[in-house]
Every structure is written in C-alpha cells, then in structure tokens.
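Listed below, chain by chain, are the residues.
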Amino acid sequence: MLNDNYEIIVYELKGKLKEYFDNKIGTFILSNQRNIPYPEFSLEFKLYNFYNIILNYDRGRFGCAILYCESKGVGLPNSQQWYDKDDLDISVRELDEEIRLRIPDKYLKHYGWL
C-alpha cells in the first residue's frame, strides 16, 4: 500500500541513494513537499560532483532529471516509475548507468569511479 506521508518516502529514498552512491552523492535539498491531498515533493542532489539531479515524486510516481538551470532539466529514462510497485534497487542502478553515460571516462577515472 502506498504510504501517504512524504517524510517516510523521502527517508527511504535518501537511504537507498546514500547506500548505493556512498561518496558519489552530495547533500540533499527537499522542496515542494506536501501531504494533502496526496504526497508530493522534489529532492535535489549532486552525483559524481558533476551533475545536479532532481527526483520528483507525485502520487506514487517518481522520476529523475539532470538540472541545467533552476527550472530546466533533461529527464532520464528509467524502467521503474512507481514507488510502491517497482524495485528501487533497479531504479538507482539505472540512474547510475544513465549518469555515467554522460560523464567523460577521464573524469570518472581521475576520481577512481571507473
């Protein structure tokens, strides 16, 4: 059953992202949060000290985008889109794959991430 409290969902998502990315992820910024009439929020963070990412959650559906400006981003494909039905491990792995495709190997190698 879908949890109707955004704070619990944020806690679970942050935990999964920190667990997977470890030192490759920066500080989280939570915005646009609300519970009524349904949970909704945005979670921003930096990956590989290279891209600013936004994860948007709205009524059980979530997705990520690379932020290029304050309000402009490029959506990242992901086979997992429903928080309560899909596998977060797959979602985080696919996010990593999509980000790594867009970062030069030389950069990743320099920081020991390749």
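This text follows the structure it describes.
Since we're looking at a predicted model, the values are computed, not measured.

Asks: Account for the packing of helix H1 (residues 6-21) against helix H2 (residues 88-101), with residues named and values stated.
Replies: Relative orientation and spacing of two packed helices are given, respectively, by the angle between their axes and the distance between those axes. Remark: H1 packs on H2, axes separated minimally by 10 Å, with the N-to-C direction vectors making an angle of 55°. Relative to H2, the element H1 is oriented oblique. Handedness of the H1/H2 crossing: right-handed. For the pair H1 and H2, the contacting residues are Leu13, Lys16, Leu17, Tyr20 and Phe21 in the first and Leu88, Asp89, Val92, Arg93, Leu95 and Asp96 in the second. Here the residues of the contact of H1 with H2 are counted per class, giving seven nonpolar, no polar and four charged.

Asks: Mind laying out H1, listing which residues take part and the relevant values?
Replies: Taking 1.5 Å per residue, 16 residues should reach 22 Å; H1 reaches 22 Å between its end C-alpha atoms and fits that length. Looking only at H1, the buried set comprises Tyr6, Ile9, Val10, Leu13, Leu17 and Phe21. Angularly, the buried residues of H1 cover 100° about the axis, an arc narrow enough to put them on a single face. Structural note: H1 exposes Tyr11 and Glu19 on the side pointing more than 90 degrees away from its buried face. As for H1, its buried residues are in contact with strand E1 (29-34), strand E2 (40-47), strand E3 (51-58) and H2. Regarding H1, its N-cap is Asn5, as a side-chain oxygen of that residue lies 2.9 Å from the backbone nitrogen of Glu7 further along. Following H1 by one or two positions, Asp22 has its phi on the positive side, about 50°.

Asks: Which residues make up the environment of Ile9, and what are the values?
Replies: Relative to the helices and strands, Ile9 resides in helix H1. A residue is classified by how much of its surface remains accessible, and Ile9, at 0% relative accessible area, is buried. With 32 residues separating them in the primary sequence, Ile9 and Phe41 have C-alpha atoms 9.6 Å apart.

Asks: Summarise the sheet that holds E2; cite the residues concerned and give the values.
Replies: With antiparallel pairing, five strands are arranged side by side in an open sheet as E1-E2-E3-E4-E5. Of all strands in the sheet, those with a lone pairing partner are E1 and strand E5 (73-75), marking the two edges. Strand-to-strand twist in this sheet, taken as the mean axis angle between neighbours without regard to direction, amounts to 25°. Each of E1, E2 and E3 is contacted by H1, which is oriented at about 20° to E2, the strand it contacts most. Running over the sheet, H2 touches E2, E3 and strand E4 (61-67) and is turned about 20° from E4.

Asks: So what about the pattern of salt bridges? Which residues, and what values?
Replies: In this structure the tally under the stated criterion is six salt bridges. The partner of Arg93 in a salt bridge is Glu97, and the shortest N-O contact between them spans 3.6 Å. You can see Arg93 and its partner Glu97 sitting in helix H2, four residues apart, about one turn around the helix. Given a relative accessible area of 42%, Glu97 falls into the partly exposed group. Across the pair Glu98 and Arg102 runs a salt bridge whose closest N-O atoms are separated by 2.8 Å. Glu98 gets classed as buried once you look at its relative accessible area, which sits at 17%.

The rules behind these values
- Residues numbered from 1 in each chain as written.
- Predicted model: local features only at pLDDT ≥ 70, side-chain atom pairs only at ≥ 80, totals over all residues.
- Heavy atoms only, no water.
- Axes fitted to C-alpha atoms, helices over the stretch in contact; angles between N-to-C directions.
- Helix = DSSP H or I, 4+ residues; strand = E, 2+ residues; numbered from the N terminus.
- Parallel < 35°, antiparallel > 145°, perpendicular 65-115°, else oblique.
- Left-handed = near helix turned anticlockwise from the far one by under 90°.
- Contact = heavy atoms within 4.5 Å.
- Nonpolar A, V, L, I, M, F, W, Y, C, P; charged D, E, K, R; others polar.
- Expected span 1.5 Å × (residues − 1).
- Buried < 20%, exposed > 50% of the residue type's maximum accessible area, 1.4 Å probe, protein only.
- Arc of directions from axis to C-beta.
- Polar contact = N/O pair within 3.5 Å; in protein donor to acceptor, adjacent residues only side chain to side chain.
- Pairing = 2+ DSSP bridges.
- Salt bridge = Lys/Arg side-chain N within 4 Å of Asp/Glu carboxyl O.

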